[in-house]
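# Geometric and topological summary
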Amino acid sequence: MKKLQRLALLVWALPIGLFVTPSAHAFESVEVTGQYPVALGDKAQNFNSNFGVGAALYFDRLLDPSVPNYVSIGYNSFALKVNSDAAFRVFPIVIGADFEGKVFSDLKTVFGAAVGGAIGYIAVPNATTYNMSGYFVGQIKPGLEYDASDDFSITARMPLTILAGKASMSYLTYQIGVKMKL
Amino acid sequence: MKMLLKQKVFFGLILSLGLGVGGCGNVSVDPLELMSNSTPVLNSITASSGAISSYVQGTFSQATPYWVFNTSFSGFANNLTAPASGQIAEIGVSNITGANGYYVTLIHSGRMETKIFGVQNITGLKVGDYVLAGQVIAQFYPGSIVGFQVLYSDGTNGPVPVCPFSYLSTAFRQSLYTYTSSQLCQ
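This write-up is about the structure you can find in this document. Bear in mind the structure is a predicted one, so any value in this text is a computation, not a measurement.

About the cut-offs
Residues numbered from 1 in each chain as written. Chains lettered and ligands numbered in written order. Predicted model: local features only at pLDDT ≥ 70, side-chain atom pairs only at ≥ 80, totals over all residues. Heavy atoms only, no water. Helix = DSSP H or I, 4+ residues; strand = E, 2+ residues; numbered from the N terminus. Buried < 20%, exposed > 50% of the residue type's maximum accessible area, 1.4 Å probe, protein only. Contact = heavy atoms within 4.5 Å. Areas by Shrake-Rupley, 256 points an atom, 1.4 Å probe, with all protein chains shown as cover. Phe/Tyr/Trp six-rings, centres within 6.5 Å; stacked < 30°, edge-to-face > 60°. Polar contact = N/O pair within 3.5 Å; in protein donor to acceptor, adjacent residues only side chain to side chain.

The next point concerns the overall build of chain A. The number of helices and strands found in chain A is 1 helix and 9 strands. Every one of the 182 residues in chain A was classed for burial, and the buried ones make up 46%. Residue pairs in contact within chain A that sit at least 24 positions apart in sequence constitute 55% of those at least 6 positions apart. Roughly 8,700 Å² of accessible area belongs to chain A as shown, and the carbon and sulfur atoms make up 66% of that amount.

All names here are of chain A. Counted by the stated rule, this structure contains 13 aromatic pairs over all chains. Here the aromatic rings of F91 and Y121 are separated by 6.5 Å at their centres, their planes lie at 10°, and the arrangement is stacked. Placement of the pair is F91 in strand β4 (residues 87-104) and Y121 in strand β5 (residues 107-123), with a sequence separation of 30 residues. Exposure remark for F91: the relative accessible area of 31% places this residue in the partly exposed category.

Within the secondary structure, D129(B) sits in the loop between β6 (112-119) and β7 (130-131). At 2.8 Å, the side chain of D129(B) forms a polar contact with the backbone nitrogen of K126(B). When residues no more than four places from it in sequence are discounted, the contact partners of D129(B) are T129(A), N131(A), G86(B), Q87(B), I88(B) and G124(B).

The backbone of N126(A) sits at a positive phi, close to 65°, despite the residue not being glycine. Looking at where N126(A) falls in the secondary structure, it is placed in the loop between β5 and β6 (133-147). A positive phi angle is found at N121(B), which is not glycine, with a value near 50°. Mapping N121(B) onto the fold places it in the loop between β6 and β7.

Function cannot be read off these values alone, since they describe shape.
And the structure:
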């Protein structure tokens, strides 16, 4: 199954490569975020939160010129209460669209909606095998964006992420980021 | 608006990611299934019920929050089995007096894990592996001492040792019929 995982990553490198190849206006901006996820639902009591990170690339508007599109990847981790040395780690990869609304001159509201997939596993110290599982991901991401300068913005968002596989889980993330125009 | 070919390919790959990732990996259990709120029924840790010959340590108490068993010298398979399905979280050196060798920690759910002490010859398993209930995970030396501990988390605090008796399967309880409840739990 590790070969299938490598193949999936390779397959995913192709479309990412298509968009990374030099092309005027291929990407509009890049965002880097710090994240703090909080588990929701019936499993919430079994997890403690750990800090995570994420990144997003905003690119050519696919369907509507006024709606920026993005692909984002994140790393979120939840320590297990039943064994504090172990953690559930998840890597969601999603593609979505950001809908913007203006509050006043440099501040705007943003509402992102995205779908994609994720890989999750329980990490234990000194493990030599990882039982990974895949999930479908649905995500909505409301928040605020402040244009600090022409090339630089600060974002504060609260993505709600839903993981759906053989089992499911949802979590809310407190996210602060920096967005830079390319 | 008409989509370019590469855009169609990209969206198609988005959908395939979910399908492909969902089927990838060598996992036999979804980590989120493992992290349910269930408290699984615990089966015997020995492959043969007669392998537990007598109860040595005394009752489960705050001072000794585990059970310790003498095992039979002969006539029974000396295999230790997983009391419930779960993931091997830790393998270490046993620190229970008399239960020499190693211990294995298994995470069974988001609320329960177990430890088995006095383990020898761990059968090709490694930390991170997933095991099924009843699967042979190691062996004990015939006539040796084996320890068993159940840890439970109520979802508010970390795991605390609990007396295993109320979590056992009917068959496991029956194998301990020679002991009274006061001999097993305090």
